[in-house]
Amino acid sequence: MPDVSVIIATLKPRDEIECIPYLERGTFDDYEVIVRNDDRVTTARNEGIRQAKADKLVFLDDDSHPCADYLERAADVLEREAAYAGKVVHPRDDIFAKHFTPHYSFGETPRYVTRFWGCNMGIHREVFDDVGLWDENITWGHEEKELAERVITSYDIYYDPELLVHHCYTDSIMNYWKKQYRLERQTPYYWDTQGKTTRWQWLRIAHDVFHPMHYLGWSAKHAIVRSGGNLARTAGRIRGMLVKRPSDATHS
């Protein structure tokens, strides 16, 4: 039985998955890679968990570029910690690296945190046995946040900056706006899981779209990107409010 199971949700064929060659460059070989192409990322990750032979479960995106000793360190961390978040770096010197990816990294000091990201995280199987699997009502967007909130009710999430992954946050301004729209379509359902009323949700949407600070920036370009992102988020949230959503969350 392998010590670590790496689970990758992707629609790409295996030979086009970027992170696998990075794993193969390391000296650690006591692992398996499970590739799932189910229609939802949360479904794919859950099926990967069920298929996995190891109790140490590592989640990476298909375009994650982990450091050379990544799996050896991940295995060591999961030997003593229930869950971990690794450091994620947007590998480009652009406007997104400067202004839009501070949430990717928790700094240079190991500590306990309240979030992790699906492109660089690990969880021991016993945690899923206790708090439930990924919420499959979320197609993409907020699924890590929703799971993390359940995890920290009973377990710690350990942040290790040495578990480094390079992962491109977005390729272009237009792609960023599209990503914001897709993400925020899931927000009303996420709010539902928190018990927020419909009235509260509409008021929050109105507050965020009309708040002037959401349209300011350190430069004209930064302001344009922020403004477009805020409008895309608003459109996504309104779409999420209007479409039929599950009445309650399930963690199958």
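Analysis parameters
Residues numbered from 1 in each chain as written. Predicted model: local features only at pLDDT ≥ 70, side-chain atom pairs only at ≥ 80, totals over all residues. Heavy atoms only, no water. Phe/Tyr/Trp six-rings, centres within 6.5 Å; stacked < 30°, edge-to-face > 60°. Buried < 20%, exposed > 50% of the residue type's maximum accessible area, 1.4 Å probe, protein only. Helix = DSSP H or I, 4+ residues; strand = E, 2+ residues; numbered from the N terminus. Lys NZ or Arg CZ within 6 Å of the ring centre and 35° of its normal. Axes fitted to C-alpha atoms, helices over the stretch in contact; angles between N-to-C directions. Parallel < 35°, antiparallel > 145°, perpendicular 65-115°, else oblique. Left-handed = near helix turned anticlockwise from the far one by under 90°. Contact = heavy atoms within 4.5 Å. Nonpolar A, V, L, I, M, F, W, Y, C, P; charged D, E, K, R; others polar.

Caption draft 1: Fine view of the packing of aromatic side chains. Counted by the stated rule, this structure contains 7 aromatic pairs. Aromatic pair Phe-28 and Tyr-31: ring centres 6.5 Å apart, planes at 20°, arrangement stacked. There is no split in this pair, since Phe-28 and Tyr-31 are both buried. Here the aromatic rings of Phe-106 and Tyr-159 are separated by 5.3 Å at their centres, their planes lie at 70°, and the arrangement is edge-to-face. Here the residue Phe-106 occupies a position in the loop between helix 4 (95–99) and strand 6 (111–113), and Tyr-159 occupies one in strand 8 (residues 157–166), the gap between them amounting to 53 residues. Relative accessible area serves as the criterion here: at 0%, Tyr-159 is assigned to the buried category. Within the aromatic cluster, the residues linked to one another by ring pairs are Phe-59, Phe-128 and Trp-134. Over the ring of Trp-134 we find Arg-45, and its NZ or CZ is 4.6 Å from the ring centre.

Caption draft 2: Structural context of the packing of helix 7 (residues 173–185) against helix 10 (residues 220–242). One way to put it is that helix 7 packs onto helix 10 with a least axis distance of 7 Å and a crossing angle of 30°. For the element pair helix 7 / helix 10, the angle class is roughly parallel. In terms of crossing hand, the pair formed by helix 7 and helix 10 is right-handed. Only Lys-221, Ile-224, Val-225, Gly-228, Gly-229, Ala-232, Arg-233, Ala-235, Gly-236, Arg-237, Arg-239 and Gly-240 of helix 10 make contact with helix 7, whose side of the interface consists of Ile-173, Tyr-176, Trp-177, Gln-180, Tyr-181, Glu-184 and Arg-185. Of the residues contributing to the contact of helix 7 with helix 10, the split by class is 8 nonpolar, 5 polar and 6 charged.

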